[in-house]
Amino acid sequence: MATRLRKLAVGGLALGTGACLTTWLLTGENNKKRWTPVVMAEVKQERRGKRTLPTRAEQIKSLETDSFDVLIIGGGASGAGCALDSVTRGLKTALVEWDDFASGTSSRSTKLIHGGVRYLQKAILGFDIEQYRMVKEALHERANMLQSAPHLSHPLPIMLPVYTYWEIPYFWFGIKMYDLVAGSKTLKNSYYLSKKDALELFPMLRGDKLRGAIVYYDGQMDDARMNLAVALTATRHGATVANHVKVLALHKVKEQDGSEKLCGARVKDELTGKEWDVHCKCVINATGPFTDSIRKMDNSSIKEICCPSSGVHIVLPGYYSPDQMGLLDPNTSDGRVIFFLPWLRHTIAGTTDLPCEVSHNPKPTEDEIMFILEEVKNYLNPDVEVRRGDVLSAWSGIRPLVSDPNKENTQSLARNHIVHVSDSKLVTIAGGKWTTYRAMAEHTIDAAIKACNLEPVHAKSQTDGMMLEGAHGWTPTMYIRLVQDFGLETEVAKHLANSYGDRAFAVAKLAALTGKRWPIIGKKIHPEFPYIDAEIRYAVREYACTVVDVIARRLRLSFLNVQAAHEALPGIIEVMSEELNWSNDEKKAQFQQASEFLQNEMGQTVNRASRDKIPINLTKDEIQSYIKRFQIMDKDRKGYVSINDIRRGLKVIGLNLSREEIEGLNDEIQISHDGHLDLADFIQHSGEEVRGEELHEILKEIDTNMNGQVELDEYLQVAAMMSAIKSGHVAYSRFARMAEMEEEQHEKELLKKKISIERSGGGL
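In what follows, the accompanying structure is described. Quick caveat: nothing in here was measured; it's all calculated off a predicted structure.

## A few points about the side chain of S148
With respect to the secondary-structure elements, S148 resides in helix α5 (residues 129–148). Residue S148 is classed as buried on the basis of its relative accessible area, which comes to 1%.

## Describing a nonpolar patch on the surface
A grouping of L513, W518 and I520 is seen on the molecular surface, where their side chains present a nonpolar patch of about 320 Å² in accessible area. Its location among the elements puts W518 in the loop between α14 (504–508) and α15 (533–541). W518 gets classed as partly exposed once you look at its relative accessible area, which sits at 44%.

## Remarks on the packing of helix α16 (residues 547–554) against helix α19 (residues 584–601)
It is at 8 Å that the axes of α16 and α19 come closest, and there the two elements cross at 40°. Counted together, V547, V548, I551 and A552 of α16 and Q590, Q593, A594, F597 and L598 of α19 form the full contact between these two elements. A class-by-class count of the residues in the contact of α16 with α19 yields seven nonpolar, two polar and no charged.

## What to know about the packing of helix α3 (residues 77–88) against helix α11 (residues 437–452)
Contact geometry of α3 with α11 gives a least axis separation of 8 Å together with a crossing angle of 55°. For the element pair α3 / α11, the angle class is oblique. As for the relative orientation of α3 and α11, their crossing is right-handed in sense. Every residue of α11 that contacts α3 at A77, S78, G81, C82, D85 and S86 is listed here: Y437, M440, A441, E442, T444 and I445.

## Considerations on α15
Within α15, eight of the nine residues are buried, leaving the element largely enclosed by the surrounding structure. What α15 keeps buried is the set D533, A534, E535, I536, R537, Y538, A539 and V540. Where α15 is buried, its residues touch α13 (490–500), α14, α16 and α18 (562–580). At the C-terminal side of α15, Y543 shows a positive phi close to 75°.

## Describing the environment of R56
With respect to the helices and strands, R56 occurs in helix α2 (residues 56–65). Look at R56 and you get buried, because its relative accessible area is 15%. As for R56 and E542, which are separated by 486 residues in sequence, their C-alpha atoms are 8.8 Å apart. Setting aside anything within four residues of it in sequence, one finds R56 in contact with N243, H244, V245, D269, L271, Y543 and C545.

## Thoughts on unusual backbone geometry
Cis geometry marks the peptide bond from G350 to T351, where omega comes out at 20°. Relative to the assigned elements, T351 resides in the loop between β14 (346–350) and β15 (354–355). In the segment running from W518 into P519, the intervening peptide bond is cis, with an omega of -5°. Structurally, P519 can be placed in the loop between α14 and α15. Even without glycine at this site, K425 takes up a positive phi of about 75°. Secondary-structure assignment places K425 in the loop between β17 (417–421) and β18 (426–431). On the basis of relative accessibility, which here comes to 31%, the residue K425 falls in the partly exposed class.

## Thoughts on the environment of S422
Inspection of the secondary structure puts S422 in the loop between β17 and β18. Spatially, the C-alpha atom of S422 lies 9.5 Å from that of K261, the residues being 161 residues apart in sequence.

## A short note on the packing of aromatic side chains
Scanning the entire structure with this criterion turns up 10 aromatic pairs. Ring geometry for W166 and Y170: centres 6.2 Å apart, planes at 50°, overall tilted. According to the relative accessible area criterion, W166 is partly exposed, its value standing at 28%. A relative accessible area of 26% places Y170 in the partly exposed class. Put simply, the rings of W166, Y170 and F171 pair up and form one aromatic cluster. The lysine or arginine in question, R556, covers the ring of F559, its NZ or CZ lying 4.5 Å from the ring centre.

Parameters and conventions
- Residues numbered from 1 in each chain as written.
- Predicted model: local features only at pLDDT ≥ 70, side-chain atom pairs only at ≥ 80, totals over all residues.
- Heavy atoms only, no water.
- Helix = DSSP H or I, 4+ residues; strand = E, 2+ residues; numbered from the N terminus.
- Buried < 20%, exposed > 50% of the residue type's maximum accessible area, 1.4 Å probe, protein only.
- Patch = residues over 30% accessible without salt bridge, like charges linked within 9 Å, V, L, I, M, F, W, Y side chains within 5 Å.
- Areas by Shrake-Rupley, 256 points an atom, 1.4 Å probe, with all protein chains shown as cover.
- Salt bridge = Lys/Arg side-chain N within 4 Å of Asp/Glu carboxyl O.
- Axes fitted to C-alpha atoms, helices over the stretch in contact; angles between N-to-C directions.
- Contact = heavy atoms within 4.5 Å.
- Nonpolar A, V, L, I, M, F, W, Y, C, P; charged D, E, K, R; others polar.
- Parallel < 35°, antiparallel > 145°, perpendicular 65-115°, else oblique.
- Left-handed = near helix turned anticlockwise from the far one by under 90°.
- Phe/Tyr/Trp six-rings, centres within 6.5 Å; stacked < 30°, edge-to-face > 60°.
- Lys NZ or Arg CZ within 6 Å of the ring centre and 35° of its normal.

This is the structure:
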């Protein structure tokens, strides 16, 4: 009873305080300015970099021959931000990245631009001024990002459902404080929703115990393309940036006082194997989770400062969430925060937060995926069956949290950044978060100028409010010009405008003719997504060097649907081979590399492994039904189904396909080594839609003796695969549907034979 009264007292106090704050927010000076889309024509054009993007070969040549004021190691958000801040101050700047821009944590975020609601909660409850300042800074940077790249970012309303009455004033007060701290940078005012209104805006939400909801606003972005835009903007202003260039060692020179100071680095082009030295006055370490590895190149005895934490996200179909409303779960079973957000017509759910080892290839685990799914189930109504098979993609990102020896777990770590200067003048930027990348870069370059006695043209940072690549000529309706001027499909035109901004016109000029009346240009690389061939060619101009660079970071296909990305690989490789003159051996190597990336880092392997755990629940009659369908197609009783059988079956159900289309269908379902689809193959694939290489991998898992047939013990695994149809673990198969339709047609033909003219009524 005392506990309940205490909660009511706290709620009442929060309600009263919140009411006063709301009055001030709605009537005071603080409410006069709100986020509005930038009119690009009003932007000062002199701040736009005029330089034509040099080729990667030209960038490499610059690294080999020029000396620099600043050499930045790392091409993620903080590294690219440092390059932009440095070059716009007038410093000669170079950046090298071992893999690709945003290949690490910067492309694997929650896609939010936020101040941190939970950090503000900790700041208030713990009277923590450091966390308060971090939130205040992040909210300023949130507004800056939305203004500097409006084509890549937008405000997103996020709903916080409330299931007890006393929590309504508590959360309402907390979110109003979030608005208050943002001040004039508030995107839109937060507001309370009744149960009825909450379910109207988020109909998938579970409503049986819902008491209401609070809606607040944060920003959302395409993180990988945002990172790339920062790097390209730095290049436009004169910076030399090169991906796939690895730092092997740091060079030092002795000063007059006997101390050692960094003067450059030994680097290697990972594509050609060539090594050389880069000379500079200052080295900046912006390598995220790999911070300590570079610091140990400088001094092998230093203490590690990075405490890595793994955050897994999953992608679900778009129908799991409304198009323009996210969801925040502040009370998960283990105290973590789960976001449930619409993104690029899909739904992102995450994230986990577990200590981990630093890895270049972090992988999502089944336990982490299932944890997210179980938490999501708690918030969705019974009509939305949360199925393991609906996980289209999954990835793990390593957060570079700054360690604090006084705290035991990563959940209690604030993602504040630190700037550290070593005895040899290695400037390290560590920690922080995506939203504050620009402020982090500003602090880092300030420290570098001071530590290394650099002489910039501008002493202060020039990047606050600076437009990024593609932002200057962008408008919300720019896509209409793309449709009208180029004959692009509307969906494709919107995608190009929102991914490339005013550079979308340059992309459209590279598009191939479709040969159709409409759309005139723009061949899709996958029928389910708006990505077109021209983007692959333009990606090479944006320094994409591998297929993974394209599917993961220039396009976001691998993050949205790992299977669709796998299906698109051959077409992407063909276009890239034309641009980069790849040999057949190189094309095979690229396919293998991309396949391994999808399997290990995008969740394809863990998705496939989850099917092995599916319980067998097919009845004897159901198994006989599948065998019967097979026998209907195999009219000659050969023991396998051939292309002729497929053609005959399609004619029976009224479809006429060309030989090429039939062969394509056959390729989708054929898995035996002898080139035929035998009975065991058919039983296995009556309930599963998989293609190409994946089919061979599944067969290897089941056909243990590799004889092209499935024995009794193997058959049990096949039955488990089929039972996934009923449980929703596996998608439906077009081939299975064709067989089902032919069975229905077969039954109709039998019925006609059984009913005589006399019994049917006779006559003509």
